[in-house]
Amino acid sequence: MNKMVIAAGTGYLGRVLIKHFKSKVNEVIILARGAHSDYDNVKFIQWDAINLGHWTTSLEGADALINLTGKSVDCRYNEGNKALIYSSRLLSTEILGRAISKCINPPKVWVNASSATIYRHSLDKQMDEEDGEIGEGFSVDVCQKWEAAFNQAKTPFTNKITARIGIVLGKEGGAFIPLKKIVKCGLGGNMGKGNQYFSWIHEDDFASVIEHFITNNRMGIYNVTAPSPIRNKDLMRLLRDKLGVNIGLHNPKFLLEIGAFLMSTETELLLKSRNVIPARLLNEGFTFKYNKLEQALDNLIR
């Protein structure tokens, strides 16, 4: 590939993609709100994710545009944060669509992030792209409006992919770090009832999936998760075993609510059952490096 553009590439997932692609692409361009120093073949261009500007020229001739823009949902869902969660996703998606429509040589592929939390809380059914049932509530509404903004963008010469991303696990970011801290503190028992599913993906597989989209000219909605969601009680047991921690106190919902309030976050991130599988990727023969959580943890902990 000659050129890749990553919008909001300074966050955790952006760093994962830079690490994966910078030896595979001649030029990696990061659209960032703040000033950053270029290095190797990675170039930073400032944008505000709202308005057209000089950054739009970076899209010309790009092999791929990856949009990861959005305020973190790891916060309290007060009115101010809700407004920012919506606007950061919708406005950035809308302006990227406008920029692409003005390109003489638009990006070949546009991958726009979404979330596997768009599906309902499910203990009884695995959610795939064809038969998955959309849920209700704030987080689901965010995903629906985000995907609608993406779908409304008129980009006839650019393949568009909606990536419904599960919980990404990595050594230097993502959910693995706080989970490891919880377990090491002796609080790594069941979260709530412990029967809720945890749909995850190792950071290496996440990057490989993005490469699969680009190199195989894919389109449409994809679940970006490992093929084996795991119940919370089994997740916490595996973490305790791998980290050599014998004690794991149970965390009932009311204690989680108190802890979430003190940590300025929401219990949904722990208690919602995300029972999501990547049916399209499996049908296309995509090979996951880490199919099972035990394999992923062995890599992350060593």
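Quick note: structure is the one above.
Notes on the structure follow. All of these numbers come straight from a predicted model, not from anything done at the bench.

Remarks on the overall build of the protein chain
When helices and strands are counted, the protein chain shows 10 helices and 11 strands. Over its C-alpha trace the protein chain gives a radius of gyration of 19 Å, about what one expects of a compact globule, namely 19 Å for 302 residues. Taken along the three principal axes of its C-alpha coordinates, the protein chain extends 60 × 40 × 40 Å. Expressed as a percentage of the 302 residues in the protein chain, the buried residues total 53%. The long-range fraction of contacts in the protein chain, counting pairs at least 24 apart against all pairs at least 6 apart in sequence, stands at 75%.

Some words on the pairing of strand S4 (residues 64–67)
With burial as the criterion, each face of S4 is covered, one bearing Ala-64 and Ile-66 and the other bearing Leu-65 and Asn-67. Of the strand pairs in this sheet, strand S1 (residues 3–7) and S4 are connected by four bridges, and their pairing is parallel. Paired with Ala-7 across the two strands is Asn-67, which belongs to S4. As judged from the four bridges shared by S4 and strand S5 (residues 109–115), these two strands associate in the parallel manner. Along S5, the bridge assignment pairs Ala-64 with Val-109. This β-α-β element, S4 to helix H2 (residues 79–101) to S5, shows right-handed connectivity.

Structural notes on the nonpolar core
Membership of the largest hydrophobic core comes to 38 residues, with the highest contact counts inside it found for Ile-6, Leu-17, Ile-66, Phe-206, Ile-210 and Phe-213. Here this core gets six residues from one element, more than from any other, and that element is helix H5 (residues 203–215). Contacts of Ile-66, omitting those with residues within four sequence positions, involve Val-5, Ile-6, Ala-7, Leu-17, Val-111, Ile-210 and Ile-214.

Details of the pattern of salt bridges
Applying the stated rule across the entire model yields 16 salt bridges. A salt bridge links Asp-124 to Arg-120; the nearest nitrogen and oxygen atoms lie 3.2 Å apart. By relative accessible area, Asp-124 is classed as exposed at 62%. Taking relative accessible area as the criterion, Arg-120 reaches 22% and is therefore assigned partly exposed. Through salt bridges with shared partners, one network takes in Arg-120, Asp-124, Lys-125 and Glu-133.

Some details on the packing of helix H1 (residues 12–21) against H5
At a closest axis distance of 9 Å, the pairing of H1 and H5 adopts a crossing angle of 70°. When the axes of H1 and H5 are compared, the pair comes out roughly perpendicular. Classified by chirality, the crossing of H5 by H1 is right-handed. Contacts from Tyr-12, Leu-13, Val-16, Leu-17, His-20 and Phe-21 in H1 reach Glu-203, Phe-206, Ala-207, Ser-208, Ile-210, Glu-211 and Ile-214 in H5.

Procedures and definitions
Residues numbered from 1 in each chain as written. Predicted model: local features only at pLDDT ≥ 70, side-chain atom pairs only at ≥ 80, totals over all residues. Heavy atoms only, no water. Helix = DSSP H or I, 4+ residues; strand = E, 2+ residues; numbered from the N terminus. Rg over C-alpha atoms; globule rule 2.2 N^0.38 Å. Buried < 20%, exposed > 50% of the residue type's maximum accessible area, 1.4 Å probe, protein only. Contact = heavy atoms within 4.5 Å. Pairing = 2+ DSSP bridges. Right-handed = clockwise from strand over helix to strand, strands pointing away. Core = buried A, V, L, I, M, F, W, Y, C linked by side-chain atoms within 4.5 Å. Salt bridge = Lys/Arg side-chain N within 4 Å of Asp/Glu carboxyl O. Axes fitted to C-alpha atoms, helices over the stretch in contact; angles between N-to-C directions. Parallel < 35°, antiparallel > 145°, perpendicular 65-115°, else oblique. Left-handed = near helix turned anticlockwise from the far one by under 90°.

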